[in-house]
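# A closer look at the structure
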Amino acid sequence: MTNDAQPRTQWLGRWGFVLAATGSAVGLGNVWKFPYMTGEYGGGAFVLVYLACILALGVPVMMTEIALGRRGRGSPIDAIRRVAAESGGASLWSLLGWMAMLCGFMILCFYVVVAGWSFSYLWKMLSGGLAGSSVDDMAAIFGANNESPLNLGFWSTLVTLATMVIVGKGVQAGIEKSVSWMMPGMVVMLLIMIAYGAFSGGFGDALHFLFAFNAGSLSSEGMLAAMGHAFFTLSLASGAILTYGSYLPRNASIGRTTLTVAVADTLVALMAGLAIFPVIFANGMEPGSGPGLIFMSLPLAFQAMPLGTLFGVLFFIMLSMAALTSSISMVEATVSWLTDNKGISRRAAAWGTGIVLWIISTLAMLSFNVGAEWTLAGKHFFGWLDYLTSRWMMPLGGLGMVLLAGFVLKSETLREELGLSPAMHALWLFMVRYVSPLGIVVIFVDALGIATLDFGEQWPWLLLVLAVIAVIGELASPRLKRVLSA
Ligand code: PFF
């Protein structure tokens, strides 16, 4: 039994969901975060683990989330509670929905600050504020941009306002339209940047940095970071994809949709890497310069290339739009929960959420100026929001989703919802039951120092352990199901 009796907004048109989910996935995570994390964690090995996590964790979790959303037709909290109840699972599973909703909101609190950077750089490009700057000037300009709380606060407030206006306008009118022209535009801009990089030096170094696998160069911390980033970049376990899935019509294919989104997202991230690292290497910049990396490097390329100002302006328009189509997806869970449960209008829910967001994001923005010293265990507030969500909440949320899908829900429920061929269904089930949960647990065990794993040497053993656990799991699955449903 599904909840189709309850009327719920649905996406307009065949591509509505794909565009919106891609819009959510493709954002600052791809263009801002992926390159700087790759730089910080040493390149190729990080990229490889990230790609493996997209395949082994991201794709199965995304399919699960869309299916949960469509089956439960509600905000993460309501949808998970309904779907679990339908299979006799405990209502406690709805805690997963609470965590996801909170996670999406916490991400948004720092995301609007980064989106604010993008908007402010758009303004700098338009007003010629970056012209004639050297490598050192670029670092100084990034620093100066952050120094004034009024300046930074102005831009993050603008992003908060824009997000809430779009969300307040509603699913179809607000979200769907903006994605359909932004995505192709982003790809074209990145292609232009890559072409520039290919002809102006640094490209070979960039390729080597991104794709040469050096097993020794990745720390346990880097593995956890790569896993967290796979969840972040696909907007998983933060309510966005699940809530968008709740608007998906019954006849849409979840498998195909997921693959489209995952492939598009991964391509944009790799393209961003290929656009940015040639500039870094050609100018002798440090790949591990942290969150300012793209803002300090790309403007250098725009300065040197023909029609650079035009391309720079277009690029930052696209990046700002990509940020907005992601930020609107992060509040969707909260807004949908408020409208479904508190009897308030969409507009009121959006503005109410916006006020709380504005207050917390202002605190996050202060981490770059007056609040730089307000640290706990060496991290400021912005850093904590990022750390808690990417390293903990998303992987644990993803773990919860796959355990729910793999061991608690009746097998017909997801078979019906996913509509895969028998072989593909078996593969998906194997992934959510064994590969994804074990992958997440192994990376945590390694990162927490409970056991030190050397993946370069131990992978045959890991595969063997996986196979043994899978066999035991299959034999014990009725009992496991009873325990997890209790
Ligand atoms: N996937 C987005 C990006 O890569 O920029 C970030 C994101 C969006 C995370 C929505 C979480 C979310 F719910």
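Residues numbered from 1 in each chain as written. Predicted model: local features only at pLDDT ≥ 70, side-chain atom pairs only at ≥ 80, totals over all residues. Heavy atoms only, no water.

The name an unreviewed UniProt entry gives the protein chain is Transporter, with Halomonas organivorans as the organism. Under Subcellular location (unreviewed entry), UniProt gives the following word-for-word description of the protein chain: "Membrane". The record in UniProt for the protein chain states the following under Sequence similarities (unreviewed entry): "Belongs to the sodium:neurotransmitter symporter (SNF) (TC 2.A.22) family." (UniProt positions renumbered as here; feature names shortened; annotations may be inferred.)

This paragraph deals with the overall build of the protein chain. Counting secondary structure elements, the protein chain contains 19 helices and zero strands. Here the C-alpha atoms of the protein chain give a radius of gyration of 22 Å, agreeing with the 23 Å that 2.2 N^0.38 yields for 486 residues. The C-alpha extent of the protein chain, read off along each of the three principal axes, is 65 × 55 × 45 Å. Out of the 486 residues belonging to the protein chain, those deemed buried represent 58%. Put simply, of all contacts in the protein chain between residues at least 6 apart along the chain, 83% involve residues at least 24 apart. (Helix = DSSP H or I, 4+ residues; strand = E, 2+ residues; numbered from the N terminus. Rg over C-alpha atoms; globule rule 2.2 N^0.38 Å. Buried < 20%, exposed > 50% of the residue type's maximum accessible area, 1.4 Å probe, protein only. Contact = heavy atoms within 4.5 Å.)

To continue, consider a nonpolar patch on the surface. On the surface, Leu307, Leu310, Leu314 and Ile317 cluster together into a nonpolar patch covering about 340 Å² of accessible area. You can see Leu307 is positioned in the loop between α13 (293-304) and α14 (308-341). (Patch = residues over 30% accessible without salt bridge, like charges linked within 9 Å, V, L, I, M, F, W, Y side chains within 5 Å. Areas by Shrake-Rupley, 256 points an atom, 1.4 Å probe, with all protein chains shown as cover. Salt bridge = Lys/Arg side-chain N within 4 Å of Asp/Glu carboxyl O.)

This next bit is on the site of the ligand. The local shell around the ligand holds 16 residues, among which Ala25, Gly29, Tyr111, Phe232 and Ser235 are the closest. At a separation of 3.1 Å, an oxygen atom of the ligand approaches a polar backbone atom of Leu28. In this structure, an oxygen atom belonging to the ligand sits 2.7 Å away from a main-chain N or O atom of Gly29. Burial of the ligand by the protein chains amounts to 100% of its free accessible area of 340 Å². Here the shell around the ligand is built from residues that sort into seven nonpolar, nine polar and no charged. (Near = heavy atom within 4 Å. Polar contact = N/O pair within 3.5 Å; in protein donor to acceptor, adjacent residues only side chain to side chain. Nonpolar A, V, L, I, M, F, W, Y, C, P; charged D, E, K, R; others polar.)

What follows covers unusual backbone geometry. Of note, Ser235 is a non-glycine position whose phi angle comes to about 60°, a positive value. Within the secondary structure, Ser235 sits in the loop between α10 (220-233) and α11 (240-245). We classify Ser235 as buried; its relative accessible area is 8%.

Enumeration over the complete set of coordinates arrives at 28 aromatic pairs. Judged by centre distance (5.0 Å) and plane angle (65°), the ring pair of Trp117 and Phe142 falls under edge-to-face. Of the two residues, Trp117 is situated in helix α5 (residues 94-127) and Phe142 in helix α6 (residues 135-147); the sequence distance between them amounts to 25 residues. Look at Phe142 and you get buried, because its relative accessible area is 10%. Where Phe430 meets Tyr434, the ring centres are 5.7 Å apart and the plane angle is 55°; that geometry is what we call tilted. Pair noted here: Phe430 and Tyr434 are both in helix α18 (residues 422-447), with a separation of four residues, about one helical turn. Taking the relative accessible area as the measure of exposure, Phe430 reaches 33% and is therefore partly exposed. Over the aromatic face of Phe232 sits the side chain of Lys33, whose NZ or CZ is 4.1 Å from the ring centroid. Above the face of the Tyr387 ring, Lys379 is positioned so that its terminal group lies 4.4 Å from the ring centre. (Phe/Tyr/Trp six-rings, centres within 6.5 Å; stacked < 30°, edge-to-face > 60°. Lys NZ or Arg CZ within 6 Å of the ring centre and 35° of its normal.)

The next subject is the environment of Ile360. Inspection of the secondary structure puts Ile360 in helix α15 (residues 346-366). Spatially, the C-alpha atom of Ile360 lies 32 Å from that of Gly42, the residues being 318 residues apart in sequence. The contacts of Ile360, once residues within four sequence positions are left out, are Phe105, Cys109 and Phe381.

Let's shift gears to the side chain of Ser327. Within the secondary structure, Ser327 sits in helix α14. By relative accessible area, Ser327 is classed as buried at 1%. If we skip the residues at most four places from it in the chain, Ser327 touches Leu108, Tyr111 and Thr163.

A separate point is the pattern of salt bridges. The full count for this structure, using the stated rule, is nine salt bridges. Among the salt bridges present, the one from Lys33 reaches Asp386, with a minimum N-O distance of 2.8 Å. Here Lys33 is found in helix α2 (residues 28-40), whereas its partner Asp386 is found in helix α16 (residues 381-408), with 353 residues between them in sequence. Under the relative-accessibility criterion, Lys33 is labelled buried at 2%. Of the charged contacts in the structure, one is a salt bridge between Arg346 and Glu332, with a shortest N-O distance of 2.8 Å. Highlighted residues: Arg346 in helix α15 and Glu332 in helix α14, separated in sequence by 14 residues. Judged by relative accessible area, which is 0%, Glu332 ranks as buried.

A few words now on the nonpolar core. Nonpolar side chains in soluble globular proteins tend to be buried together. Ranked by size, the top nonpolar core spans 159 residues in total, and within it Trp32, Met227, Phe302, Phe315, Phe316 and Leu404 carry the most contacts. In terms of residue count, α5 provides more of this core than any other element does, 19 residues in total. The residues touching Leu404, leaving out its near neighbours within four places in the chain, are Leu68, Ile80, Ala84, Trp93, Leu96 and Leu409. Listed in part, the six residues of the second largest apolar core include Phe407, Val435, Leu466 and Ala470. (Core = buried A, V, L, I, M, F, W, Y, C linked by side-chain atoms within 4.5 Å.)

Below, the discussion takes up the packing of α2 against helix α3 (residues 44-72). Taken N-terminus to C-terminus, the directions of α2 and α3 make an angle of 130°; their axes are 8 Å apart at the nearest point. Here α3 runs oblique to α2, going by the angle between their axes. With respect to the hand of their crossing, α2 and α3 are arranged in right-handed fashion. Side by side, α2 and α3 meet where Phe34, Met37 and Thr38 of the first sit next to Phe46, Val47 and Tyr50 of the second. Considered class by class, the residues forming the contact of α2 with α3 number five nonpolar, one polar and no charged. (Axes fitted to C-alpha atoms, helices over the stretch in contact; angles between N-to-C directions. Parallel < 35°, antiparallel > 145°, perpendicular 65-115°, else oblique. Left-handed = near helix turned anticlockwise from the far one by under 90°.)

Between two packed helices, both the angle of their axes relative to each other and the distance between the axes serve to describe the pair. Two numbers describe how α5 lies on α14: the axes approach to 8 Å, and their chain directions differ by 160°. Classed by the angle they form, the pair α5 and α14 counts as roughly antiparallel. Handedness of the α5/α14 crossing: left-handed. Tallied by class, the residues present in the contact of α5 with α14 amount to 22 nonpolar, nine polar and no charged.

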